[in-house]
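Structural overview
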Amino acid sequence: MGFMFRNFSHAQKVQAYVFNNKPAIRTDALFSDGTRQYREPAEPMPGDIVTVKFRTAKSNADHVYVICDGIRTEMEVEEMDEAFDYYSAKLPEIHKDKVEYYFEIVSGNAVCYFNKIGVELSNNPTYNFSIMPGFTTPDWAKGAVFYQIFVDRFCNGDTSNDVLDNEYFYIGAPTKQVKDWEQYPENMDIRNFYGGDLQGIMNKLDYLQDLGVEVIYLNPIFVSPSNHKYDIQDYDYVDPHYGKIVNDEGECLKDGDSVNKNSTRYVNRVTNKENLEASNELFRQLVEEIHRRGMKIILDGVFNHCGSFNKWLDRECLYENQLGYEPGAYTSADSPYRNFFKFYDENAWPYNGSYDGWWGHDTLPKLNYEGSRELYDYILRVAKKWVSPPYNVDGWRLDVAADLGHSEEFNHQFWRDFRQVVKEANPNAIILAEHYGDPYNWMQGDQWDTVMNYDAFMEPITWFLTGVEKHSDEFRGDLLGNPDAFIGSMRHHMSRFHQQSLEVSMNELSNHDHSRFLTRTNRRVGRTHTLGAQAANENVNKGVFREAVVFQMTWPGAPTIYYGDEAGLCGWTDPDNRRTYPWNHEDQELIAFHRDIIRIHKENEVLKRGSVMFLHGSHKLVAYGRFDRKDKIVVVMNNNYEEVQIRLNVDRLGIRNGDVMRQLMLTTEDSYLLDPKSYTVENNQLFLTLPKISAIILKAE
């Protein structure tokens with residue numbers, strides 16, 4: 001006769017329960033990602049055998065499976081420590097273009113799944129882990145500290161190459177040489193020049209190196225009529241206004257004259273090969289010096305459109321009848337560049353203005369790749385030229401990269417060819433695209449390495465810390481301090497990256513297209529023409545800015561400083577975000593803060609290549625960890641206007657009871673501290689008291 005459970009004593013019932021039931025799955029302990037800690041090799045080649053690993057709480061799972069392209073493989077416990085079991089399995093030999101996988105965890109009757117966004121009760125294949133065999137990104141760029149320079153506004157190192165008053169006429173008015181370096185940009189600023197140049201960058205390399213910068217990213221430097229130079233005139237040469245003018249003959253325009261071919265000064269400056277070659281040589285010397293210092297440099301590639309001044313089109317007739325130049329497509333139907341552009345009226349030559357302009361702008365002619373194999377090959381030669389000797393640039397940032405061409409299919413094919421050409425010339429060159437929206441289709445290993453990280457960095461942190469949109473055009477109180485929106489947005493958008501793309505993503509707080517982050521901390525909606533430039537400086541909060549920089553320097557990716565941010569520069573969106581660097585008026589404490597936080601970033605490899613895990617989210621408060629098997633770092637941002645006490649469960653990072661956490665940095669509303677204060681973990685919890693508007697970085701000793 002069998003035992004009847006209802007006849008058991010209380011002790012027997014407890015014993016039966018203990019021996020016949022598994023504890024619930026500790027979902028907070030489950031973990032894997034695409035880092036080298038959990039995938040070996042992290043960037044596999046075709047034919048490699050890949051080992052994936054998965055972590056559970058110690059003795060907490062009956063079975064762990066990896067499901068790879070529908071094949072379910074049971075994983076074995078390869079290693080264990082006091083807190084965790086580490087499961088391992090080899091995936092089938094990789095021969096496909098793409099491999100996807102996720103994990104299944106079984107404990108008793110409980111089953112759950114784990115993918116890129118964490119634990120799920122049923123697996124959503126959108127968030128599967130994936131492997132693109134052969135897709136590698138440059139190791140030098142993983143977690144590297146970038147510094148973006150808008151050249152005209154950084155430093156004037158050579159006054160002899162400055163753009164002059166009335167040197168030429170552009171978009172309705174003559175050029176203007178701004179004599180006052182500290183003058184705010186005007187609302188229509190495109191033809192105002194402050195004189196920043198390559199020699200100015202050369203003169204400030206000591207400053208950049210001392211700050212801790214590892215990579216310099218330059219906004220466009222090729223011959224162009226605007227100060228932003230996204231309207232390229234000649235892809236083959238550095239603009240002599242940034243480089244060297246060794247032959248400076250000719251006259252500027254007379255007052256009231258808008259015909260640019262009459263400016264013999266400008267025509268000579270930008271078409272004379274003596275000036276052009278000297279400018280390229282100065283750039284070569286700059287790159288050589290940057291490399292000598294152990295730093296890198298990348299250029300801005302504007303390949304979707306050029307400018308109406310471009311030598312291929314020559315709307316301004318600057319190159320007409322110039323020795324050494326073919327006739328432009330605007331001036332002659334017989335131009336070798338005619339098919340570089342799409343013309344709507346085939347009977348309008350000479351001086352055919354019916355060409356296709358990007359978004360209708362006749363100053364930005366759209367390049368007609370589908371209609372011109374010659375153009376296609378020319379731009380690929382340009383791409384190769386600058387990453388090859390003697391220039392040896394370390395990569396390209398690609399302007400409006402998803403707009404190139406007239407169809408998505410063609411766009412993808414162009415970037416495949418672009419990647420092949422660039423990587424063959426310089427395998428360690430980075431290809432980094434400007435892109436808004438989901439970049440997934442371009443980051444499959446055959447096109448871009450990564451993107452300027454708007455969706456998974458700039459936008460979420462801006463909303464969370466300031467409630468202001470990245471142009472300062474909108475305020476959202478529902479997003480200010482909203483941890484669910486912040487964490488959910490970060491998780492989703494990060495899932496669209498492969499790990500090797502995420503680790504080199506350009507994580508910016510500000511840049512040349514958006515308001516300065518420090519201005520966003522005033523939580524005002526505005527632009528120069530609505531509130532005036534001075535309002536961008538008012539009621540800003542450096543404490544909130546420091547929180548953002550701590551996040552920037554401790555989050556996966558390549559933290560990128562927009563010149564002057566580190567010195568306290570403010571500004572509304574374009575053109576006010578392009579103020580001059582405030583030499584001799586810098587905020588020295590902010591510079592010291594940047595120098596120290598960059599040092600912390602560079603000294604801790606786990607901040608470059610380690611895993612990341614959110615630990616806590618509540619109103620205006622977020623905590624996360626960066627960790628690997630060796631190092632554990634905890635970061636907390638308190639954006640409240642009051643002191644907050646918090647208990648964090650840190651055992652999921654591998655931090656144990658009794659471990660001591662040492663403070664690397666504490667920022668406050670007023671300043672920052674490097675005091676090595678210590679905290680002891682008790683009952684698997686870290687107890688912290690955080691001042692208002694603060695951020696703290698702690699490392700397990």
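Rules behind the numbers
- Residues numbered from 1 in each chain as written.
- Predicted model: local features only at pLDDT ≥ 70, side-chain atom pairs only at ≥ 80, totals over all residues.
- Heavy atoms only, no water.
- 1 Å grid on protein atoms, 1.4 Å probe; cavity = no way out; pocket = protein on both sides within 12 Å on 5 of 7 lines; lining within 4 Å.
- Points joined across faces, edges and corners; volume = space filled by probe spheres on them.
- Nonpolar A, V, L, I, M, F, W, Y, C, P; charged D, E, K, R; others polar.
- Pairing = 2+ DSSP bridges.
- Helix = DSSP H or I, 4+ residues; strand = E, 2+ residues; numbered from the N terminus.
- Buried < 20%, exposed > 50% of the residue type's maximum accessible area, 1.4 Å probe, protein only.
- Polar contact = N/O pair within 3.5 Å; in protein donor to acceptor, adjacent residues only side chain to side chain.
- Contact = heavy atoms within 4.5 Å.
- Salt bridge = Lys/Arg side-chain N within 4 Å of Asp/Glu carboxyl O.
- Expected span 1.5 Å × (residues − 1).
- Core = buried A, V, L, I, M, F, W, Y, C linked by side-chain atoms within 4.5 Å.
- pLDDT = per-residue confidence, 0-100.

Attention now moves to the layout of surface pockets. Its volume calculated, the largest pocket comes out at about 940 Å³. His 228, Trp 358, Asp 513, Asp 574 and Arg 578 are, among the 33 residues lining the largest pocket, the residues nearest its centre. The computed volume of the second largest pocket comes to approximately 640 Å³. A breakdown of the residues in the lining of the second largest pocket according to their chemical character gives 14 nonpolar, 12 polar and six charged.

For the rest of this paragraph, the subject is the sheet that holds strand β1 (residues 39–40). Reading across from one edge, β1-β2-β6-β5 is the order of the four strands in this open sheet, with antiparallel pairing throughout. The open sheet terminates on both sides in strands that have one partner only, identified here as β1 and β5 (76–80). Pairing geometry for β5 and strand β6 (residues 84–90), over four bridges, is antiparallel. Across the sheet, Glu 76 pairs through a bridge with Ser 88, a residue of β6.

Before going further, it helps to spend a moment on the side chain of Gln 500. Secondary-structure assignment places Gln 500 in helix α10 (residues 499–502). What makes Gln 500 buried here is its relative accessible area of 5%. Here Phe 135 takes part through its backbone oxygen, which lies 2.9 Å from a polar atom of the side chain of Gln 500. Setting aside anything within four residues of it in sequence, one finds Gln 500 in contact with Arg 39, Glu 43, Phe 135 and Thr 137.

In this section: the pattern of salt bridges. With the rule as written, the count across this model stands at 54 salt bridges. With a closest N to O distance of 3.8 Å, Asp 513 and Arg 578 form a salt bridge. Of the two residues, Asp 513 sits in the loop between β23 (506–508) and α11 (517–520) while Arg 578 sits in the loop between β24 (558–562) and α14 (588–603), which places them 65 residues apart along the sequence. With a relative accessible area of 5%, Arg 578 lands in the buried category. Look at the salt bridges and you will find they share partners, linking Glu 167, Asp 248, Arg 265 and Arg 269 into a network.

This part is about helix α13 (residues 542–554). Given 3.6 residues to a turn, an α-helix orients residues that are three or four positions apart in the same direction. Over its 13 residues, α13 extends 18 Å from the first C-alpha to the last, a length consistent with the 18 Å expected when each residue adds 1.5 Å. Taking burial as the measure, the 13 residues of α13 include 12 buried ones, the bulk of the element. All of the buried residues in α13 are Gly 543, Val 544, Phe 545, Arg 546, Glu 547, Ala 548, Val 549, Val 550, Phe 551, Gln 552, Met 553 and Thr 554. The backbone nitrogen of Gly 543 lies 2.9 Å from a side-chain oxygen of the residue at the head of α13, namely Asn 541.

What follows deals with the side chain of Gln 552. Position of Gln 552 among the secondary structure elements: in helix α13. Among the polar contacts made by the side chain of Gln 552, one reaches the main-chain carbonyl oxygen of Asn 507 at a distance of 2.9 Å. Residues contacting Gln 552, with those up to four places away along its chain left out, are Phe 457, Asn 507, Glu 508, Leu 509, Pro 559, Thr 560 and Ile 561.

Turning to unusual backbone geometry, a few remarks are in order. Here Glu 40 and Pro 41 are connected by a cis peptide whose omega angle stands at -5 degrees. Structurally, the position occupied by Pro 41 is in the loop between β1 and β2 (51–57). Although it is not a glycine, Ser 59 adopts a positive phi angle of roughly 55 degrees. Within the fold, Ser 59 resides in the loop between β2 and β3 (63–68). Even without a glycine there, the phi angle at Asn 321 is positive, about 70 degrees. Residue placement: Asn 321 occurs in the loop between β19 (296–301) and α6 (373–387).

Our focus in this paragraph is the nonpolar core. Across soluble globular proteins, nonpolar side chains have a tendency to be buried as a group. Counting 142 residues, the largest nonpolar core has Tyr 147, Leu 218, Phe 283, Phe 303, Trp 396 and Phe 418 as its most contacted members. Broken down by element, this core gets its largest block of residues, nine residues, from α6. Core analysis: the second largest hydrophobic core is formed by 51 residues, Ile 105, Met 613, Val 644 and Leu 698 among them.

If pLDDT is low for a region, its predicted coordinates should not be looked at in detail. Averaged over all residues, the pLDDT of the protein equals 96, while 97% of them reach at least 70. Per-residue pLDDT, averaged within each element of the protein, yields its smallest value for helix α1 (residues 10–20) (52) and its largest for strand β11 (residues 146–149) (99).

Our next topic: the pairing of strand β28 (residues 644–649). Along β28, the buried face is formed by Val 644, Ile 646 and Leu 648; none of Gln 645, Arg 647 and Asn 649, which line the opposite face, is buried. Note: β28 against strand β32 (residues 685–690), six bridges, orientation antiparallel. Each residue of the ladder has a partner; that of Gln 645, found in β32, is Thr 689.

Another aspect to go through is empty space enclosed by the protein. Per the counting criterion, the structure on display carries five cavities of 30 Å³ or more. Quantified by volume, the largest cavity comes out at close to 70 Å³. Of the residues assigned to the lining of the largest cavity, the class counts are one nonpolar, four polar and five charged. In this structure, the second largest cavity encloses a volume near 50 Å³. Taken together, Leu 509, Ser 510, Phe 545, Val 549, Gln 552, Thr 560, Ile 561, Tyr 562, Asp 565 and His 594 form the lining of the second largest cavity.

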